[in-house]
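# Remarks on the overall topology
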Amino acid sequence: FRGRKLEIRIIPFETRRQILVTHDATESERIEAMRRDFIANASHELRTPLTVIVGFLEIAMNDPGLDAATRLAHLKLMTEQAQRMQRLIEDMLTLSRLESDEYPLKREQVNVKALVESVAAEARALSGGRHEIDVKVDGPDVMGSAEELRSAFGNLASNAVRYSPDGGRIVLSWERGQNDLRFSVRDSGIGISPEHIVRLTERFYRVDKSRSRETQGTGLGLAIVKHVLLRHGGRLTISSEPGAGSTFTALLPNTSLPT
Ligand code: ADP
């Protein structure tokens with residue numbers, strides 16, 4: 001039991017006897033600490049845009065003579081901050097649904113080729129022509145949740161766009177591996193160093209907070225990807241070289257093949 005925390009309770013039993021109960025509290029304490037961290041991070045993330053909105057509302061009330069152009073600029077900034085809060089809340093709800101036993105995975109036959117093509121179309125729209133985005137699909141259909149897989153694959157593709165400089169090349173592929181099925185996104189972007197890679201799927205973990213905000217990130221995307229893959233019996237692997245680019249691969253087990 002070295003390094004573990006044991007809780008010992010003595011429960012009175014009959015008149016002169018007691019029962020000694022031991023309980024390993026290490027795991028429950030770890031979960032409790034994660035919960036506390038999540039609430040602290042989420043509150044902080046929501047407070048920042050709210051502070052901006054309240055600030056501009058106070059200006060509007062104290063200075064009713066503000067010229068139309070300034071007023072419009074303030075409204076735009078407030079809208080951006082409100083949208084940032086909306087994205088955060090959407091992602092938090094998605095994560096909590098993915099983790100909840102009340103929403104078990106609903107499997108249906110998913111045409112992954114078509115799904116990847118439409119994820120690529122969205123990535124091209126986000127890129128606005130700033131990147132070259134190629135698609136290689138020759139993998140089969142799978143049994144899974146189309147909605148969840150779309151959100152996981154879409155998150156990986158949009159990250160590639162958001163963390164690659166203009167002119168970068170991005171390749172989305174869907175193929176059969178030796179023992180599994182693989183959706184991968186390869187980019188020629190900023191890359192990630194090994195000490196960060198191991199923490200990327202933690203909620204709100206970002207290598208560069210200001211860059212993530214600029215590109216409208218919530219810090220929850222990869223946590224969502226990880227949970228979607230876990231629910232499908234799969235996992236995420238990441239390989240990267242700082243300055244050269246990254247490859248994110250979503251692995252799904254062969255058991256997801258339709259029978
Ligand atoms: P965010 O909303 O901040 O993008 P994610 O959970 O999607 O949140 O990603 C977490 C962090 O991982 C990002 O803030 C970024 O630092 C890093 N990251 C994700 N994808 C890439 C990528 N393709 N290239 C470089 N860094 C990435």
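What this report covers is the structure whose coordinates are included nearby. (Residues numbered from 1 in each chain as written. Predicted model: local features only at pLDDT ≥ 70, side-chain atom pairs only at ≥ 80, totals over all residues. Heavy atoms only, no water.)

### Topic: a nonpolar patch on the surface
- A surface patch of nonpolar side chains, amounting to about 400 Å² of accessible area, comprises Leu 6, Ile 8, Ile 10 and Leu 20.
- Here Ile 8 falls in the exposed class, since its relative accessible area comes to 54%. (Patch = residues over 30% accessible without salt bridge, like charges linked within 9 Å, V, L, I, M, F, W, Y side chains within 5 Å. Areas by Shrake-Rupley, 256 points an atom, 1.4 Å probe, with all protein chains shown as cover. Salt bridge = Lys/Arg side-chain N within 4 Å of Asp/Glu carboxyl O. Buried < 20%, exposed > 50% of the residue type's maximum accessible area, 1.4 Å probe, protein only.)

### Comments concerning helix α1 (residues 26–62)
- With 37 residues, α1 extends 53 Å between its outermost C-alpha atoms, agreeing within 8% with the 54 Å of an ideal straight helix rising 1.5 Å per residue.
- Residues of α1 that are buried include every one of Ala 42, Glu 45, Pro 49, Ile 53 and Phe 56, and no others. (Helix = DSSP H or I, 4+ residues; strand = E, 2+ residues; numbered from the N terminus. Expected span 1.5 Å × (residues − 1).)

### What to know about the nonpolar core
- Ranked by size, the top nonpolar core spans 44 residues in total, and within it Phe 153, Leu 156, Leu 172, Trp 174 and Phe 183 carry the most contacts.
- Elements represented by at least two residues in this core include exactly α2 (68–99), α3 (112–127), α4 (146–162), β6 (169–176), β7 (180–187), α7 (221–231) and β9 (245–253).
- With seven residues, the single largest contributor to this core is α4.
- Apart from the residues lying within four places of it in its own chain, the contact partners of Leu 172 are Val 116, Val 119, Ala 120, Asp 134, Val 135, Lys 136, Ala 157, Phe 183, Ser 184 and Val 185. (Core = buried A, V, L, I, M, F, W, Y, C linked by side-chain atoms within 4.5 Å. Contact = heavy atoms within 4.5 Å.)

### Points about the pattern of salt bridges
- A complete count under the given rule lists twelve salt bridges for this structure.
- Here Arg 130 ties to Asp 166 by a salt bridge, and the two come within 3.1 Å at their closest N and O atoms. With Arg 130 in the loop between α3 and β4 (132–137) and Asp 166 in the loop between α4 and β6, this pair connects stretches of sequence that are 36 residues apart.
- Relative accessible area serves as the criterion here: at 36%, Arg 130 is assigned to the partly exposed category.
- By relative accessible area, which is 54% here, Asp 166 ends up exposed.
- Linking Arg 182 and Asp 180 is a salt bridge whose minimum nitrogen-to-oxygen distance equals 3.0 Å.
- One salt-bridge network, in which partners are shared between bridges, spans Glu 45, Arg 206 and Lys 209.

### Thoughts on the packing of α4 against α7
- Orientation of α4 relative to α7, taken along the N-to-C sense of each, is 140 degrees, at an axis distance of 9 Å. For the pair α4 and α7, the crossing hand works out as left-handed. Contacts from Glu 148, Leu 149, Ser 151, Ala 152, Asn 155, Leu 156 and Asn 159 in α4 reach Gly 221, Leu 222, Ile 224, Val 225, Val 228 and Arg 231 in α7.
- Classifying every residue of the contact of α4 with α7 gives seven nonpolar, four polar and two charged. (Axes fitted to C-alpha atoms, helices over the stretch in contact; angles between N-to-C directions. Left-handed = near helix turned anticlockwise from the far one by under 90°. Nonpolar A, V, L, I, M, F, W, Y, C, P; charged D, E, K, R; others polar.)

### A look at the packing of aromatic side chains
- The final tally for this structure, using the stated rule, is three aromatic pairs.
- When the centroid spacing of 5.7 Å and the interplanar angle of 25 degrees are considered together, the rings of Phe 38 and Phe 204 count as stacked. Placement of Phe 38 in helix α1 and of Phe 204 in the loop between α5 (194–197) and α6 (209–214) is noted, with a sequence separation of 166 residues between them.
- By relative accessible area, which is 5% here, Phe 204 ends up buried.
- Ring plane angle 10 degrees and centroid distance 4.0 Å describe the contact between Phe 153 and Phe 183, whose orientation is recorded as stacked. Residue Phe 153 is found in helix α4, and its partner Phe 183 is found in strand β7; the two are separated by 30 residues along the sequence. Of the two residues, Phe 153 and Phe 183, both sit in the buried class.
- Put simply, the rings of Phe 153, Trp 174 and Phe 183 pair up and form one aromatic cluster. (Phe/Tyr/Trp six-rings, centres within 6.5 Å; stacked < 30°, edge-to-face > 60°.)

### As for the site of the ligand
- The full set close to the ligand counts 21 residues, and Tyr 163, Asp 187, Ser 212, Gly 219 and Leu 222 are the nearest of them.
- Of all the secondary-structure elements, those providing two or more residues to the shell around the ligand are α4, α7 and β9.
- Tallying contributions element by element places α4 first for the shell around the ligand, with three residues.
- A class-by-class count of the residues in the shell around the ligand yields ten nonpolar, eight polar and three charged. (Near = heavy atom within 4 Å.)

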